[in-house]
Structure formats: structure tokens, C-alpha cells
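So the chains spell out like this:
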Amino acid sequence: MFLGDKPANLIDTVFNFSQAVGLPTTLADIGLEDVSEADLLMVAEAACADGESIHNEPVEVTPKRWLLQLKGLYPNFATDEHSL
């Protein structure tokens, strides 16, 4: 949802539901509060490898965009005009 063109209110609804039922919503929630940026980038590169399902998103997803999104620094790929 965060990678595509979804309205903020839908994202908020799903996020709030996830928190209400106890689903993890942060890296810390899954025991990764001290994960390094280098490790996250390695995961981003694997997620964006040729043939991965991430390429089914309605926008191009690069490892850098994936990493920024994961860190909460890139609010919506579909509406951003910057090239990464």
C-alpha cells in the first residue's frame, strides 16, 4: 500500500487496524530496532531483484526507494516527483 498510489485515509485505516489487533507496524516491533542501514539496503536489493513480486507495484520500485519507504522518509512513491 505504501509503495503505490493509495489514499492516506486508507493507509491510516489499515495502520490503525494493524495496531489495534497487535500486528507489528515498526522494525522494532519485529526485533529489528538496531538493524543497520547496510543490512536494510541488502534486503531492499534482494526485494527488488529481477523476478520479485515487488515489480507488480503500479510504480517503479528501486532499492533506494524501498529503503526510504521502510524508514518512513518517502511517504508515497506514486505522487512524488523526485527521481531516486
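Residues numbered from 1 in each chain as written. Predicted model: local features only at pLDDT ≥ 70, side-chain atom pairs only at ≥ 80, totals over all residues. Heavy atoms only, no water.

Caption draft 1: Just a nonpolar patch on the surface, in detail. A cluster of nonpolar residues, Phe-17, Val-21 and Leu-23, forms a patch on the protein surface that exposes about 290 Å² of accessible area. Since its relative accessible area comes to 48%, Val-21 is described here as partly exposed. (Patch = residues over 30% accessible without salt bridge, like charges linked within 9 Å, V, L, I, M, F, W, Y side chains within 5 Å. Areas by Shrake-Rupley, 256 points an atom, 1.4 Å probe, with all protein chains shown as cover. Salt bridge = Lys/Arg side-chain N within 4 Å of Asp/Glu carboxyl O. Buried < 20%, exposed > 50% of the residue type's maximum accessible area, 1.4 Å probe, protein only.)

Caption draft 2: Expanded view of the side chain of Ser-18. Position of Ser-18 relative to the elements: it lies in helix 1 (residues 8–20). Setting aside its immediate chain neighbours within four residues, Ser-18 contacts Leu-23 and Thr-25. (Helix = DSSP H or I, 4+ residues; strand = E, 2+ residues; numbered from the N terminus. Contact = heavy atoms within 4.5 Å.)

Caption draft 3: A look at the packing of helix 2 (residues 37–47) against helix 3 (residues 63–70). Viewed as axis vectors pointing N to C, helix 2 and helix 3 meet at an angle of 125°, and their least axial separation amounts to 8 Å. Taken together, the axes of helix 2 and helix 3 are oblique relative to one another. Between helix 2 and helix 3 lies a crossing whose hand is right-handed. Along its contact with helix 2, which presents Glu-37, Leu-40, Leu-41, Val-43, Ala-44, Glu-45 and Ala-47, the element helix 3 presents Pro-63, Trp-66, Leu-67 and Leu-70. Taken together, the residues that form the contact of helix 2 with helix 3 break down as nine nonpolar, no polar and two charged. (Axes fitted to C-alpha atoms, helices over the stretch in contact; angles between N-to-C directions. Parallel < 35°, antiparallel > 145°, perpendicular 65-115°, else oblique. Left-handed = near helix turned anticlockwise from the far one by under 90°. Nonpolar A, V, L, I, M, F, W, Y, C, P; charged D, E, K, R; others polar.)

Limitation: the analysis is restricted to geometry and does not speak to function.
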